[in-house]
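# Observations on chain architecture
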Amino acid sequence: MIDDSYILKCSGIEKSYKLGRITIPVLKGVEFEVARGSWTALLGASGSGKSTLLNLLGAFEKADSGKIIYDGKSYSEMKRNDLVIFRRRRVGFIFQSFCLLPELNVIENIELPGRMTSVPRKKIRARAAMLLEKVGLSHRIKHRPNELSGGEQQRAAIARAMINQPSLLLADEPTGNLDSKTGEGILEIFNELHSGPEPVSIIMVTHDRNVASMADGIVELKDGVVVR
Ligand code: ADP
Ligand code: MG
């Protein structure tokens, strides 16, 4: 029987980078689970491998060894093409530097990942408008990213990450470029997203213990392994 109380299970994840003839081990057997609908903080010092791990979880990169199982399916058993589709439909990404496209306005940025699917345009627009409302940006629909504050840009990026109704949100230092008050607003949105009727699971990378304490649980990385 498949135990579906976990959306994600990782075991024995190893990853190293090669620089010339030198091999730098980054992850040395990472193990942890993420309960469905939970908000997990991935905590660790700078250089501890948090972003590396997040990229593996988002199937952007391949682990050297170990297993990542999402919704009962192992990444290593999925074909490359399936992984691309899977990533687009099931996972939302949020970055420290927002990564909005400067030439598109807010609603166009939010719609963009939706337009790479077969969902009708009208439906995507309606969902984008609903998400803008949810993140408190309904009054900024036609603004370009450079006309927004950092906090507003991150709100737009969260809405974009949610456009395809992913079951998992991966956020890499989402409050890292924001002052603490603005950062709190972003964490409040995460709190709402994972406590609604259809909660999304969130994995949030941070080096800040205070930020991490907002989540339901903390997975701490140190020297390439999970220490708690
Ligand atoms: P964190 O996000 O916790 O700050 P990273 O995952 O970015 O840590 O990096 C972990 C280690 O891996 C660092 O020592 C970094 O220099 C190294 N590293 C990350 N990405 C690469 C890469 N593409 N090539 C070589 N080394 C890398
Ligand atoms: Mg990082």
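The sections below set out a description of the structure shown in this document. (Residues numbered from 1 in each chain as written. Chains lettered and ligands numbered in written order. Predicted model: local features only at pLDDT ≥ 70, side-chain atom pairs only at ≥ 80, totals over all residues. Heavy atoms only, no water.)

Scanning the model with the defined rule gives six salt bridges in all. A salt bridge links R36 to D71; its shortest N-O distance comes to 2.6 Å. In this pair, R36 is assigned in the loop between β2 (22–35) and β3 (39–43) and D71 in the loop between β4 (65–70) and β5 (73–74), connecting sequence segments 35 residues apart. Of the charged contacts in the structure, one is a salt bridge between E220 and R209, with a shortest N-O distance of 3.0 Å. With E220 in strand β9 (residues 217–222) and R209 in helix α7 (residues 209–212), this pair connects stretches of sequence that are eleven residues apart. Salt bridges here are not isolated pairs; linked through shared partners, they connect R36, D71 and R90. (Salt bridge = Lys/Arg side-chain N within 4 Å of Asp/Glu carboxyl O. Helix = DSSP H or I, 4+ residues; strand = E, 2+ residues; numbered from the N terminus.)

Turning our eyes to something else, we now look at the site of ligand 1. Around ligand 1, the neighbouring residues are Y17, V26, A45, S46, G47, S48, G49, K50, S51 and T52. At a separation of 2.7 Å, an oxygen atom of ligand 1 approaches a polar backbone atom of G47. Separating an oxygen atom of ligand 1 from a backbone N or O atom of G49 is a distance of 3.0 Å. Contact with the protein chains covers 60% of the free accessible surface of ligand 1, which is 570 Å². The greatest single-element share of the shell around ligand 1, amounting to three residues, is contributed by helix α1 (residues 50–57). Looking at the shell around ligand 1 residue by residue, the class counts come to three nonpolar, six polar and one charged. (Near = heavy atom within 4 Å. Polar contact = N/O pair within 3.5 Å; in protein donor to acceptor, adjacent residues only side chain to side chain. Areas by Shrake-Rupley, 256 points an atom, 1.4 Å probe, with all protein chains shown as cover. Nonpolar A, V, L, I, M, F, W, Y, C, P; charged D, E, K, R; others polar.)

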